[in-house]
Amino acid sequence: ARGVIIWVYVTAKAAATTLSLALGSYDAISGGVTYEAVVNGWAADVATGQNLQLYPGATTLAATTYGYQKIARESGALPRQWQFTVTPSDANSVTYSAAYSYIL
């Protein structure tokens, strides 16, 4: 696959909690992670989603709202080994679903 689309849909969370989403690749030499696409401080409401896209030649788009969905896009190729993390801003409980789809 050359790229990926990742969806995160929030079903429950505390009002003040924000989420940070990050797509990273593994450095084969050091074993560290390099972040390819990041959305910080997403103030997700219940029943809203975030769509993070990484694809070569894509027009970069900061998190922009379309209806109930926010979309963020970065230009870049999807590495062979990658990870996606969702990090809450505090210790409050957050319930969400995440899924991805490869772009060939």
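Scroll up a little and you will see the structure.
For the structure given in this document, a descriptive report is provided here. Everything numeric in this text was worked out from a predicted model, so none of it was measured. Positions within a chain are numbered from 1, following the residues in the order the chain's sequence is written. A pLDDT threshold of at least 70 governs which residues receive local features in this predicted model, and a stricter bar of 80 or more applies before side-chain atom pairs are shown or counted, although totals over entire chains, interfaces and linings include all residues. As a rule here, side-chain values cover all heavy atoms of the structure and leave hydrogens and water aside.

Only strands that DSSP links by at least two bridges are regarded as paired with each other. Put simply, DSSP H or I for four residues or longer makes a helix, DSSP E for two residues or longer makes a strand, and each gets a number counted from the N terminus. Overall, mixed pairing links the 5 strands, which are arranged β5-β6-β4-β1-β8 in an open sheet. Whereas interior strands pair on both sides, the edge strands pair on one side only; in this sheet they are β5 (61-66) and β8 (94-103). Direction aside, neighbouring strands of the sheet carry axes that sit 15° apart on average. Across 7 bridges, the pairing between strand β4 (residues 48-55) and strand β6 (residues 69-75) is parallel. Only the stretch in contact is used when fitting a helix axis, every axis being a line fitted to C-alpha atoms; angles between N-to-C directions are given from 0 to 180 degrees.

Moving on, we come to the pairing of strand β3 (residues 33-42). Both strand β2 (residues 19-26) and β3 contribute to a ladder of 7 bridges, which runs antiparallel. Paired with Gly-24 across the strands is Tyr-35, a residue of β3. Taking the residues between adjacent antiparallel strands as the criterion, β2 and β3 are bridged by 6 residues, where Gly-31 takes a positive phi near 80°.

Right, let's get into the packing of aromatic side chains. What counts as a ring pair is set by centres within 6.5 Å for rings of Phe, Tyr and Trp (its six-membered ring), and what kind of pair is set by the plane angle: stacked under 30 degrees, edge-to-face over 60, tilted for all other angles. Under the counting rule described, the total for this entry stands at 3 aromatic pairs. Aromatic pair Trp-82 and Tyr-100: ring centres 5.3 Å apart, planes at 90°, arrangement edge-to-face. Within this pair, whereas Trp-82 is found in strand β7 (residues 82-88), its partner Tyr-100 is found in strand β8, the two being separated by 18 residues in sequence. On the basis of an interplanar angle of 85° and a centroid distance of 6.2 Å, the ring pair of Trp-82 and Tyr-102 is categorised as edge-to-face. Here Trp-82, found in strand β7, pairs with Tyr-102, found in strand β8; they are 20 residues apart in sequence, far enough to count as distant. Three labels apply to residues, based on accessible area from a 1.4 Å probe with only protein chains included: buried if under 20% of the type maximum, exposed if over 50%, partly exposed otherwise in between. For Trp-82, a relative accessible area of 17% translates into the label buried. Feature note: the residues Trp-82, Tyr-100 and Tyr-102 constitute an aromatic cluster, connected by ring pairs.

It is worth spelling out unusual backbone geometry at this point. At Ala-47, a position not held by glycine, the phi torsion is positive, near 70°. By relative accessible area, which is 38% here, Ala-47 ends up partly exposed.

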